[in-house]
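# Understanding the architecture of this molecule
Letter by letter, the chains look like this.
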Amino acid sequence: VQQNRPFFILGEVRNAGQYPYVSGMTIETAVAIAGGYSERANERKARITRRANGFVEVIEVPPDYVVQPGDSVYVYERLF
């Protein structure tokens, strides 16, 4: 059942939305599934919101961080 849960990606990606979870996927893989980074994206860090055991955890993560089913990934805008 856990494997069937989608993940969500928002922020500076080309096609934000809900996508099927792929086992072992990283932030970079999730961004690729969402069509890649936008022109204004910060490619060095993202934010994951994860619900576990009744708690909501919000963490900043590098691009090689592993995404879990049900995670919401937010790609930041780069500061010029």
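Residues numbered from 1 in each chain as written. Predicted model: local features only at pLDDT ≥ 70, side-chain atom pairs only at ≥ 80, totals over all residues. Heavy atoms only, no water.

## Focus on the environment of A16
Condition: Put simply, DSSP marks the helices as runs of H or I at least four residues long and the strands as runs of E at least two long, and each gets a number from the N terminus on. Burial status follows relative accessibility: with a 1.4 Å probe on protein chains alone, a residue under 20% of its type maximum counts as buried, one over 50% as exposed, and anything between as partly exposed. Two residues form a contact once any of their heavy atoms are found within 4.5 Å.
Tracing the backbone through its elements, the reader meets A16 in the loop between β1 (7-11) and β2 (17-19). A16 gets classed as partly exposed once you look at its relative accessible area, which sits at 47%. Sequence separation between A16 and V73 is 57 residues, and the spatial gap between their C-alpha atoms is 9.7 Å. Each residue touching A16, except ones within four places of it in the same chain, is listed here: I9 and L10.

## Thoughts on the pattern of salt bridges
Rules: For this analysis, a salt bridge means a side-chain nitrogen from Lys or Arg found within 4 Å of a carboxyl oxygen belonging to Asp or Glu.
In total, this model carries 5 salt bridges according to the counting rule given. The salt bridge involving E12 is made with R40; its shortest N-O contact spans 3.3 Å. Of this pair, E12 sits in the loop between β1 and β2 while R40 sits in the loop between α1 (27-33) and β3 (41-52), placing them 28 residues apart in sequence. Using a relative accessible area of 12% as the deciding quantity, one classes E12 as buried. In this structure, the salt-bridge partner of E39 is R14, at a minimum N-O distance of 3.0 Å. Of this pair, E39 sits in the loop between α1 and β3 while R14 sits in the loop between β1 and β2; the two residues are 25 residues apart in sequence, bridging distant segments of the chain. Look at the salt bridges and you will find they share partners, linking E12, R40 and E77 into a network.

Structural measurements only, silent on function.
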